[in-house]
Amino acid sequence: MRYIIFAILITAFQFISYSQTSTEDYLGSWYTYGSNHRLNERFSINPYAELRFYEASSNYNLAFVSIRGNYHFKKNQSIGFGYAYLNIDTLFEFDEEPNVHEHRLFQQYTKYHRLNTLKLSHRGRLEQRFQYFTSNSELQNRFRYKIQARYDINKTLFLVVSEEPFVNFQDQVFHENRFYTGLGINFLKNSQLQIGYLKQHIRKNNLNRIQMGISIQTDARKQNTIVHL
């Protein structure tokens, strides 16, 4: 199984060589921070932040911050409710246009389970996106489903592969898809670092992104049970 996932990882990185438009010609970057704080048997909270660039470390694209509360109604299942704020630069290489601001509400269902040596997670999320442009504002609704597989190589290293299609309730229905594959490192007891490749198809663009993220888990229960993001 580890060789199959490794082959997927190598294949995904080969996609970087294909490009069509100006934004597709650049290898952009996403830097993320996520944390899961388990308060008790039933409740947890998830602060999250993200910074995106059209290039490796320049040409600002997007800033994203969110907070989510979760209710764990079963050991491996939960529902969550959250809020996010986004500041979006929609233009590549040009800064004369004001940024788009978005306030987002979302609701999600998450389930974790095992398939042999793989740790699988499923997430279905509904989003209400209140977007504010220069001359108008609008409300957009969409649904996104993410499936992720994690394989632990050893106590320190693990591999992650995920797929996330988006369904828009306005205009172009299938307007976005994200494929991610990466390597994770457990560098502290409750902290992880992930470095990977993200293939983002959004509208008519196929974007290649390097994603680097840190995640932290804390647990206030007497018996620690880490819930991975």
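Analysis parameters
Residues numbered from 1 in each chain as written. Predicted model: local features only at pLDDT ≥ 70, side-chain atom pairs only at ≥ 80, totals over all residues. Heavy atoms only, no water. Pairing = 2+ DSSP bridges. Helix = DSSP H or I, 4+ residues; strand = E, 2+ residues; numbered from the N terminus. Axes fitted to C-alpha atoms, helices over the stretch in contact; angles between N-to-C directions. Core = buried A, V, L, I, M, F, W, Y, C linked by side-chain atoms within 4.5 Å. Buried < 20%, exposed > 50% of the residue type's maximum accessible area, 1.4 Å probe, protein only. Contact = heavy atoms within 4.5 Å. Polar contact = N/O pair within 3.5 Å; in protein donor to acceptor, adjacent residues only side chain to side chain. Phe/Tyr/Trp six-rings, centres within 6.5 Å; stacked < 30°, edge-to-face > 60°. Lys NZ or Arg CZ within 6 Å of the ring centre and 35° of its normal. Patch = residues over 30% accessible without salt bridge, like charges linked within 9 Å, V, L, I, M, F, W, Y side chains within 5 Å. Areas by Shrake-Rupley, 256 points an atom, 1.4 Å probe, with all protein chains shown as cover. Salt bridge = Lys/Arg side-chain N within 4 Å of Asp/Glu carboxyl O.

K.L.:
What exactly am I supposed to notice about the sheet that holds strand β6 (residues 118-132) here?
P.N.:
Each strand in a sheet pairs with its neighbour through backbone hydrogen bonds, running either in the same direction (parallel) or in the opposite one (antiparallel). The strand order β1-β2-β3-β4-β5-β6-β7-β8-β9-β10-β11 describes a closed barrel built from 11 strands, whose pairing is mixed. Between one strand axis and the next, the sheet turns through 20° on average, direction left out of account. Examined bridge by bridge, strand β10 (residues 191-202) and strand β11 (residues 205-219) share 12 bridges and lie antiparallel to one another. Each bridged residue has a counterpart across the sheet, and for Gln192 the counterpart in β11 is Ser215.

K.L.:
Hey, could you run me through the nonpolar core in this one?
P.N.:
If you look at the biggest cluster of nonpolar residues, it comprises 7 residues: Leu62, Phe64, Ala84, Leu86, Ile88, Val100 and Phe106. When contributions to this core are tallied by element, the ones reaching two or more residues are β3 (60-74), β4 (77-88) and β5 (100-115). Broken down by element, the residue count for this core peaks at 3 residues, all from β4. With residues up to four places along the chain from it excluded, the contact list for Val100 reads Leu86, Asn87, Ile88, Thr90, Tyr132 and Phe133. Trp30, Phe158, Tyr180 and Leu198 belong to the second largest nonpolar core, which has 5 residues in total.

K.L.:
Looking at this model, I keep getting lost on the environment of Tyr83. Mind explaining?
P.N.:
You can see Tyr83 is positioned in strand β4. For the pair Tyr83 and Glu127, spaced 44 residues apart in sequence, the C-alpha separation works out to 9.6 Å. Non-local contacts of Tyr83, meaning those with residues more than four positions away in its chain, are made with Val65, Ser66, Ile67, His103, Arg104, Leu105 and Phe106. Here His103 takes part through its side chain, which lies 2.6 Å from a polar atom of the side chain of Tyr83.

K.L.:
What am I meant to see in the packing of aromatic side chains here?
P.N.:
Two aromatic rings, taken as a pair, are described by how far apart their centres are and by the angle between their planes. For the structure shown, the criterion picks out 4 aromatic pairs. Arranged with centres 5.4 Å apart and planes meeting at 55°, the rings of Phe43 and Tyr71 form a pair that is tilted. Here the residue Phe43 occupies a position in strand β2 (residues 43-53), and Tyr71 occupies one in strand β3, the gap between them amounting to 28 residues. The side chain of Arg52 reaches across the aromatic face of Trp30, ending 3.7 Å from its centre. Stacked on the ring of Phe158, the Lys or Arg Arg150 has its end atom at 3.7 Å from the ring centre.

K.L.:
It is not clear to me how unusual backbone geometry should be interpreted in this structure. Could you clarify?
P.N.:
For residues other than glycine, phi is negative in most cases, and the peptide bonds are mostly trans. Backbone geometry places Asn59, a non-glycine residue, at a positive phi of 65°. Under the relative-accessibility criterion, Asn59 is labelled buried at 18%. The backbone of Arg203 sits at a positive phi, close to 55°, despite the residue not being glycine. Tracing the chain through its elements places Arg203 in the loop between β10 and β11. Residue Arg203 is classed as partly exposed on the basis of its relative accessible area, which comes to 47%.

K.L.:
How should I be thinking about the environment of Leu27 in this particular structure?
P.N.:
Among the structural elements, Leu27 can be located in strand β1 (residues 27-38). Of the residues examined, Leu27 reaches a relative accessible area of 33% and is grouped as partly exposed. On a C-alpha basis, the gap between Leu27 and Glu55 in space is 5.6 Å, while along the polypeptide they are 28 residues apart.

K.L.:
Explanation requested: a nonpolar patch on the surface in the structure shown.
P.N.:
A contiguous nonpolar surface patch, about 1000 Å² in accessible area, is contributed by Leu39, Phe43, Ile45, Ile67, Tyr71, Phe73, Tyr83, Leu105, Tyr109, Phe130, Tyr132 and Leu139. Counting residues per element, the ones that place at least two in the nonpolar patch are β2, β3, β5 and β6. If you tally residues by element for the nonpolar patch, the top one is β3, at 3 residues. For Tyr83, a relative accessible area of 33% puts it in the partly exposed group.

K.L.:
Even after reading the chapter, I still don't get the pairing of β6, so can you show me in this structure?
P.N.:
Along a regular strand, successive side chains alternate from one face of the sheet to the other. Most of β6 sits out of view: 11 of its 15 residues are buried. Where β5 and β6 come together, 15 bridges link them in antiparallel fashion. By the bridge assignment, Thr110 is partnered in β6 with Arg123. A loop of 2 residues connects β5 with β6, the two strands running antiparallel in sequence, and Asn116 in this loop sits at a positive phi of about 60°. The sheet contact formed by β6 and strand β7 (residues 137-152) spans 15 bridges and is antiparallel. In the sheet register, Arg125 faces β7, and the bridge partner there is Arg144. Following β6, the chain reverses through 4 residues before pairing antiparallel with β7.

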